[in-house]
Amino acid sequence: MGALLPVGSGPDAEIVDRLNELFSGKDLTTLRKHNKKEKLFDPSHRLRRVAFRIGAYPSKDYGKDDAKRKWFFFLHHVLPQETQDAIKKILGDAMTRTVIKAVKFSVEENSVVTHPHLFPSNNEPLANYLNGAGTAYLVHLVVQGPMDDSAEDPPGDSDPDNGEQPIAWPELSLRRPTFRRTKSGGGKRAGKKKAVSKKKAAKKAAKRPRKR
């Protein structure tokens, strides 16, 4: 979000959709449950590492543009620590307040800004990031414009944060592949096949010479 402009298209839109999915509904419930044993957004956790662990990155193929690696470069080198801390403060609070039903993400391009920051600023009290109903946080990122083609791999399991524990996603989560069982042709047809095979067996038995 903000790393893969133009805003609102391609991988940029995919990141926004992915974040909105993760921080709402069943996925948010899973993250809250996990957060009770591992504080995902405390100072010892890097935003880019958490993003990799929960699947908050683009996964589609955009040809020569390696969207995933550009996203992690953005999180590591372009997004200021002050802005990262502001985002972590919001997400950390959303982990504990059940009145918050979702965190909604969006991005805006503004050539006047000198660095990516939250709207209206990174230093607002938490209440200023809430929607009118007070049930969702609004993480609206303001960025200057398209970044260059710099990219890097996400921090993998060989570079963990302190205190990491496996996240137990639900069995039916989109994070896991789902498989559909194909019908094996049961029911009446299977019954007919069995009946036919019995008749054939009976005919063969009748043709065999009896032992005296």
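The model shown is predicted, which means the values in this text are computed figures rather than measured ones.

By the element assignment, T96 lies in the loop between α5 (81-94) and β1 (102-109). For T96, a relative accessible area of 54% puts it in the exposed group. Sequence separation of T96 and K33 is 63 residues, and the distance between their C-alpha atoms is 9.4 Å.

Attention now moves to helix α3 (residues 47-54). Within α3, seven of the eight residues are buried, which leaves it mostly tucked inside the rest of the structure. Elements that come into contact with the buried residues of α3 comprise α1 (10-22), α2 (25-35), α4 (67-78) and α5. Remark: G55 follows α3 within two positions and exhibits a positive phi of approximately 85°.

This part takes up the packing of aromatic side chains. In the structure shown here, the tally under the stated rule is six aromatic pairs. Ring centres 5.8 Å apart and planes at 50° place the aromatic pair Y57 and F72 in the tilted group. One end of the pair, Y57, is in the loop between α3 and α4; the other, F72, is in helix α4, and 15 residues separate them in sequence. For the pair Y57 and F72, a shared accessibility class is recorded, and that class is buried. Taking 5.9 Å as the distance between ring centres and 15° as the angle between the ring planes, the aromatic pair formed by W71 and F74 counts as stacked. Separated by three residues within a single helix, W71 and F74 lie in helix α4, roughly one turn from each other. Here W71 matches F74 in class, with each residue buried. Grouped by ring-pair contacts, the aromatic residues F23, F41 and F105 constitute a single cluster.

The rules we used
Residues numbered from 1 in each chain as written. Predicted model: local features only at pLDDT ≥ 70, side-chain atom pairs only at ≥ 80, totals over all residues. Heavy atoms only, no water. Helix = DSSP H or I, 4+ residues; strand = E, 2+ residues; numbered from the N terminus. Buried < 20%, exposed > 50% of the residue type's maximum accessible area, 1.4 Å probe, protein only. Contact = heavy atoms within 4.5 Å. Phe/Tyr/Trp six-rings, centres within 6.5 Å; stacked < 30°, edge-to-face > 60°.

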